[in-house]
Amino acid sequence: MSDTSQRHGHAPRSPATRSLTELLASMRFAIALLTVICIASVIGTVLKQHEPVNNYVNQFGPFWAELFLALKLNAVYSAWWFLLILGFLVVSTSLCIARHAPKYLADLRNYKENIREQSLQAFHHKTSAHLDGEGTEAAAQRIGRQLVSGGWKVRLQRRQTPAGDGWMVAAKAGAANKLGYIAAHSAIVLVCLGGLLDGDLMVRAQMWFGGKTPFSGGGFIADVKPEHRLSASNPTFRGNLVVTEGKTAATAILSQSDGILLQELPFAVELKKFVVEHYSTGMPKLFASDIVIHDLATGQTTPARVEVNHPVSYGGVQIYQSSFDDGGSEVKLHALPLVPGGTPFDVEGVIGGSTELKNAVTGEAMTLEFTGLRVLNVENFGDDGSGSGVDVRKVDLRSSIESRLGAGNKTVTKRELRNVGPSVSYKLRDASGQAREYNNFMLPVDTGDGQPVFMLGVRESQAEPMRYLRVPVDAEGRMDGFVRLRQALGDPALRELAVRRYAAQAVDPARSDLAEQLAQSAGRALALFAGDAPAPGTAALEKVAAVNGRPLAGLPAISEFMEANVPAGERERAAEVLMRIMNGALFELAQITRERAQLPPLPRDEKTQAFMTQAVLSLSDSQAYPAPLVFELADFKQIQASVFEVARAPGKNVVYLGCALLILGVFAMLYVRDRRLWVWLAPGGDGAQATMALSANRKTLDTDREFAQLRTQLLGASQPPDGGQP
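Parameters and conventions
Within every chain, residues take consecutive numbers counted from 1 along the sequence as written. Whole-chain, interface and lining totals are the exception, using all residues; otherwise, since this is a predicted model, local features are given only for residues with pLDDT of at least 70 and side-chain atom pairs are given and counted only at 80 or more. Based on all heavy atoms of the structure, the side-chain values leave hydrogens and waters out of the count. Under the scheme used here, helices are H or I runs from DSSP no shorter than 4 residues and strands are E runs no shorter than 2 residues, and both carry numbers assigned from the N terminus. Should any heavy atoms of two residues lie within 4.5 Å, those residues are considered in contact. Salt-bridge detection follows one rule: a side-chain nitrogen of Lys or Arg within 4 Å of a carboxyl oxygen of Asp or Glu. Patches here: salt-bridge-free residues with over 30% relative accessible area, like charges joined within 9 Å, nonpolar side chains (Val, Leu, Ile, Met, Phe, Trp, Tyr) joined within 5 Å. Here the open area of atoms and residues is found with the Shrake-Rupley method and a 1.4 Å probe, where only the protein chains shown may cover a residue. Positive residues here are Lys and Arg, negative ones are Asp and Glu, while His and the chain termini are left out of the count. We put the charge of a Lys on NZ, of an Arg on CZ, of an Asp on CG and of a Glu on CD. Partly exposed residues are those whose accessible area sits between 20% and 50% of the maximum for their type, while under 20% is buried and over 50% is exposed, using a 1.4 Å probe and protein chains only. At least two bridges found by DSSP between two strands are what make those strands a pair. Two aromatic rings from Phe, Tyr or Trp, using only the six-membered ring of Trp, form a pair when their centres are within 6.5 Å; if the ring planes differ by under 30 degrees the pair is stacked, by over 60 it is edge-to-face, and anything between is tilted. Cation placement over rings: the criterion is NZ of Lys or CZ of Arg within 6 Å of the ring centroid and within 35° of the ring normal.

**Focus: the environment of leucine 271**
Part 1: Secondary-structure assignment places leucine 271 in strand E7 (residues 259-278).
Part 2: Taking C-alpha positions, leucine 271 is 6.6 Å from threonine 248, a pair spaced 23 residues apart along the chain.
Part 3: Ignoring any residue separated from it by four or fewer positions in sequence, one finds leucine 271 in contact with Val243, Thr244, Glu245, Gly246, Lys247, Ser289, Asp290, Ile291, Gln640, Ala641, Ser642 and Phe644.

The following block contains the structure:
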């Protein structure tokens, strides 16, 4: 018979084909692929996927961002090289199964009863014994029954010997070990196939062969062209669906590295209400969406509730509660100018929208962008800083150690969570396009020092933390009193009137010369504090004005003035006198603003003193506030939106099956021992001569104990005869 006929009609394979097959089916090749996949998965976990290109540039710089984009590290799981590695792993594991599974399956059916007696002497576990008064057939039947009762599968074979009939008892147990190998390798194939099915392979295929391209522009979803849309019959996808309360959406967004794709859904989702439940501390404990699903083919409506970890399935599409967003809340802001001559005004807008304004100082156009509304803001007011350990005399080593021992939920710092009320975020963009972000709280916050303050936050970019200007609450419970004082501080005429009143009250009317000197000192102090440019010839103030090329203001200006003009030994005394004069003049300035606002004067009590103390600090900080006006949240109407993750994942069940097989396979390979037992019974004297051997895939103490038990149970020998192995 020719070689061709021996290969069942198939042509002989070339050496190159055999070498390639051996490489693909080798364990080293599969392990190398698994290693690369693990490394890629770590990168995909650490590095945020499908972010805008600018985010990578801002975080890593232009060079690394370009390298990441070239290697598709921003979309690892949909990169061509990752999908190619998964495909090779499927091929490699499948070839390995195809090569070894038939041998394992054949080995499951084979009892190996044809083994020779001499071969039994080569096993590690072997023994011999003489069975008195028992024939070979009777002994074989007895041993077979005992093994079957112990869970072994047994086959008996009769052999002719010169001394008479001999019997070979062949038994096996733990065949699931071989099945575990097949199950574990099959699980790898199933998991990879499920990953390919549920990944971006189908979407990529439509982009490569179906003419679909990502959309990188703006506008309405209805205006996007068909080449950027995927049909509702797309077999697999995973995207985000944003639905505003009271509205309906039927198009999901699939993020790509260079744009987005729109996925048409076979149904529309209407959001009736977005539900948020909170704990007593104000922390959220439940996010849920009450929705109505409208079937676009039949018109059927199905109400449902989507909660975190409790998705809704409809038509083979899973709907998950991913997050939530603002759905276009309506806000009303009250603008309070900080510069003299400005008048308050109201402005209304929608979160996500913008409006045009004019800078009251420069006259340039500004754009007010409404960026966010938060109804709840939970802050921690429990850490008073007493446990910082800066002062070594206050360090309690025992308490410090005990605070870090015990339950995992123990914290070193005290936690006092408090809801501080709504806040609004907005951006002010100048004519050149530069913008700063602001975050203002609607309600005053009591920080614990007895004087409530309004928190006005500002930052240059999102990479920076918010810096807050603390505005004291006036007697009417608003920030108008501080704003009037801030405007009056920038008006030279009002400052002059305030210092005259202060001097007249602080000095005996008979000492007009002293009153004039005090008025001049107070006027210079207020001018220095307000940041007004010094008059020509005042060299002492010019030294302060020259710092950083512009006049300083606030307490830094006072400090610079003292360091430049007062000897070091006299600064403490001089600063105390100067601050007392300035505080008195500022108090009179506040009284003037209240008179002009037709409000009663401030009483001279502790409450007023606390207000003025905070006002001095806030006036100093407000000199660095980058906007000529502040916006307070006057009213709002919250409209929320739910962000759903919609996914059609046909490979999910395949992955589940693969995971189940992997668990069973690993368990079988690790905890099930494949054992083979042979007992050769030959005629000898008045009984039978028995030779027993045991083979196992792993040498363990359990195998030694099992062999000792079988030797005693089957042969009745507790100790091996001379020359035997335990």
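**Here we look at the pattern of salt bridges**
Part 1: If you walk through the whole model with that rule in mind, you get 28 salt bridges.
Part 2: Note that arginine 429 is salt-bridged to glutamate 369, the shortest N-O span being 2.7 Å. With arginine 429 in strand E18 (residues 423-429) and glutamate 369 in strand E15 (residues 365-374), this residue pair connects regions lying 60 residues apart in the sequence.
Part 3: A cluster of three or more residues bridged by salt bridges with shared partners is formed by Asp107, Lys112, Lys178, Asp674 and Arg676.

**Observations regarding a negative patch on the surface**
Part 1: A cluster of acidic residues, Glu330, Asp346, Glu348 and Asp635, forms a negative patch at the surface.
Part 2: Tracing the chain through its elements places glutamate 348 in strand E13 (residues 345-350).
Part 3: Glutamate 348 gets classed as exposed once you look at its relative accessible area, which sits at 60%.

**Details of the pairing of E18**
Part 1: For E18, the buried fraction is high: five of the seven residues fall into the buried class.
Part 2: Bridge count between E15 and E18: seven bridges; the pairing is antiparallel. Residue pairing in the sheet places arginine 374 in a bridge with serine 423 of E18.
Part 3: Sheet topology note: the E18/strand E19 (residues 435-441) ladder contains seven bridges and is antiparallel. Considered in E19, the bridge of serine 423 is made with phenylalanine 441.
Part 4: Here E18 folds back onto E19, and the loop between the two strands holds five residues, one of which, glycine 433, carries a positive phi near 95 degrees.

**Some thoughts on unusual backbone geometry**
Part 1: The phi dihedral of lysine 72 is positive, around 60 degrees, even though this residue is not glycine.
Part 2: By the secondary structure assignment, lysine 72 is in the loop between helix H5 (62-70) and helix H6 (80-109).
Part 3: The class for lysine 72 is partly exposed, based on a relative accessible area of 30%.
Part 4: A positive phi angle is found at lysine 112, which is not glycine, with a value near 55 degrees.
Part 5: Taking relative accessible area as the criterion, lysine 112 reaches 38% and is therefore assigned partly exposed.

**Looking at helix H11 (residues 480-489)**
Part 1: With respect to burial, H11 is a largely interior element, nine of its ten residues being buried.
Part 2: Along H11, the residues classified as buried are Gly481, Phe482, Val483, Arg484, Leu485, Arg486, Gln487, Ala488 and Leu489.
Part 3: Elements in contact with the buried residues of H11: strand E12 (330-337), strand E21 (467-472), helix H12 (492-506), helix H13 (512-530), helix H16 (571-596) and helix H17 (606-622).

**Focus on the packing of aromatic side chains**
Part 1: Counting across every chain of the model gives 19 aromatic pairs.
Part 2: With a centroid separation of 5.3 Å and 80 degrees between ring planes, the pair formed by tyrosine 426 and phenylalanine 631 is classed as edge-to-face. Note that tyrosine 426 is positioned in strand E18 and phenylalanine 631 in strand E22 (residues 629-637), a separation of 205 residues in sequence.
Part 3: Under the relative-accessibility criterion, tyrosine 426 is labelled buried at 0%.
Part 4: Judged by its relative accessible area of 0%, phenylalanine 631 falls in the buried class.
Part 5: Chaining the aromatic ring pairs together yields one cluster made of Phe345, Tyr426, Tyr438, Tyr625 and Phe631.
Part 6: We note lysine 172 situated over the ring of tyrosine 111; from NZ or CZ to the ring centre the distance is 4.4 Å.

Fair warning: the whole summary comes from geometry, so function is off the table for now.
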